[in-house]
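# Understanding the architecture of this molecule
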Amino acid sequence: MKIQENISLKNYNTFGINVKAKRFITIESVYELQKLVETEKDLFLLGGGSNMLLTSDINKLVVHLNIKGISIDSEDENNVFITVNAGEVWHEFVLWAISKNYGGIENLSLIPGNVGTCPIQNIGAYGVEVKDVIHKVEAIEIETGKLVSFLNNECNFGYRNSIFKNEVKGKYVITSVVFKLTKKEHNLNISYGAIKDKLALKNIQNPTLKDVSDAVISIREEKLPNPKEIGNSGSFFKNPIISKKQFNDLKEKFPNIPSYVVSENEIKIPAGWLIEQSGFKGKRFGNYGVHEKQALVLVNYGNANGQDIYELAKKIQTTIKENFSIDLEIEVNIIT
Ligand code: EPU
């Protein structure tokens with residue numbers, strides 16, 4: 001546990017942005033973290049760095065949370081409760097669960113990032129959100145160093161949202177997440193069209209957890225850039241939710257507009273479609289741009305500057321507003 005100075009963060013964020021941390025520390029246990037917060041309160045927390053766009057050097061102490069470990073707390077015939085420490089890589093945990101035949105997270109295969117950050121934005125894909133399997137979240141309160149728990153219903157989970165992005169933002173460091181997974185009679189979610197197609201292609205009628213995971217992995221690999229090859233943070237924007245009235249008006253002008261019903265009066269529109277219709281899909285501006293296969297993903301092709309990518313995001317927001325009167329909300333944390 002040693003504070004280092006002037007460390008490049010290029011390898012610590014999936015966008016691959018090369019900014020510096022003035023001071024940087026790696027934390028490997030809850031005890032080390034408790035010791036640290038006795039004297040340091042103004043922290044910049046870094047997990048897998050998969051949901052942030054860094055636009056300048058970081059003057060706060062950068063805390064790289066690398067607390068490892070997976071353990072089973074309890075189990076019965078049907079379910080297992082598993083504590084996973086914040087520094088575990090999300091996808092490695094998914095693969096571990098599948099190898100033990102524990103169900104519930106197979107649809108969330110290949111999502112970049114660490115376990116400790118998965119509750120913050122309530123990661124989700126293909127009809128599943130991590131809130132569906134989180135029992136509780138354990139965290140250290142920075143002010144007091146105390147270990148506290150947030151039960152699932154105390155996390156205020158929503159679409160790419162939670163209490164950790166709102167009411168208690170900056171007050172806690174998540175140290176572990178306790179998951180409740182199934183041991184049998186798995187509740188498979190294979191309603192998503194692309195998953196169905198993949199399984200049908202392989203002639204699989206009764207898929208296992210691994211079959212579903214493999215299908216998800218191949219869908220993601222086809223559409224989403226691998227951050228190890230092309231820097232990115234997954235979906236840069238949220239899919240906007242608009243009123244039924246606004247949707248009906250848009251539908252008259254754009255009969256092909258895709259949509260999902262959220263509630264009686266709310267419709268979700270895929271932001272990727274709006275961006276593609278506005279001509280940005282695959283657009284490259286020097287060493288950054290909009291991904292060619294999924295318009296919702298902004299990419300760094302080389303040594304791009306975070307500020308340039310942020311300017312592009314703002315340009316996309318303005319254009320979508322002009323074309324569709326829709327406010328696109330940025331999903332990635334912009335670090336200024
Ligand atoms: N679409 C386009 N052009 C594009 C991309 C999408 O027209 O370039 C339209 C198509 O109509 C397509 C629809 O959007 O059918 C949906 O696309 P997709 O299935 O790729 O999903 P998404 O709505 O773009 C969301 C999540 C992803 C998640 C997928 C699958 C958000 C912000 N994004 O994307 O999450 O993997 O669904 O469930 O909700 C992430 O958060 O980083 C992420 C990748």
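Owing to the predicted nature of the structure, the values given are computational and were not obtained by experimental measurement.

Note that strand S15 (residues 260–263) and strand S16 (residues 266–268) share 3 bridges and pair antiparallel. Counted as the bridge partner of tyrosine 260 is lysine 268 from S16. With antiparallel pairing between neighbouring strands as the criterion, S15 and S16 make up a hairpin whose turn holds 2 residues.

Before going further, it helps to examine the side chain of serine 233. Residue position: serine 233 is located in strand S13 (residues 231–235). Judged by its relative accessible area of 6%, serine 233 falls in the buried class. Reaching out from serine 233, the side chain makes a polar contact with the backbone oxygen of serine 50 at a distance of 3.1 Å. A distance of 3.4 Å separates a polar atom in the side chain of serine 233 from the backbone oxygen of methionine 52. Among all residues touching serine 233, those that are not within four sequence positions of it are Thr14, Phe15, Ser50, Asn51, Met52, Leu298 and Val332.

What follows concerns the domain arrangement of the protein. Segmentation of the protein into domains returns domain 1 (4–65), domain 2 (70–182) and domain 3 (231–335). Here the C-alpha centre of domain 2 lies 21 Å away from the C-alpha centre of domain 1. Each partner contributes residues to the interface: domain 1 has 13 residues there, and domain 2 has 14 residues. The tally of links from domain 1 across to domain 2 stands at 0 salt bridges. Inspection of the domain 1/domain 2 interface yields 3 residue pairs in polar contact (both at pLDDT 80 or more). Secondary structure elements with two or more residues in the side of domain 1 that touches domain 2: helix H1 (30–39) and strand S3 (43–46). Tallying contributions element by element places H1 first for the side of domain 1 that touches domain 2, with 4 residues.

Criteria and thresholds
Residues numbered from 1 in each chain as written. Predicted model: local features only at pLDDT ≥ 70, side-chain atom pairs only at ≥ 80, totals over all residues. Heavy atoms only, no water. Pairing = 2+ DSSP bridges. Helix = DSSP H or I, 4+ residues; strand = E, 2+ residues; numbered from the N terminus. Buried < 20%, exposed > 50% of the residue type's maximum accessible area, 1.4 Å probe, protein only. Polar contact = N/O pair within 3.5 Å; in protein donor to acceptor, adjacent residues only side chain to side chain. Contact = heavy atoms within 4.5 Å. Domains from an automatic or database assignment. Salt bridge = Lys/Arg side-chain N within 4 Å of Asp/Glu carboxyl O.

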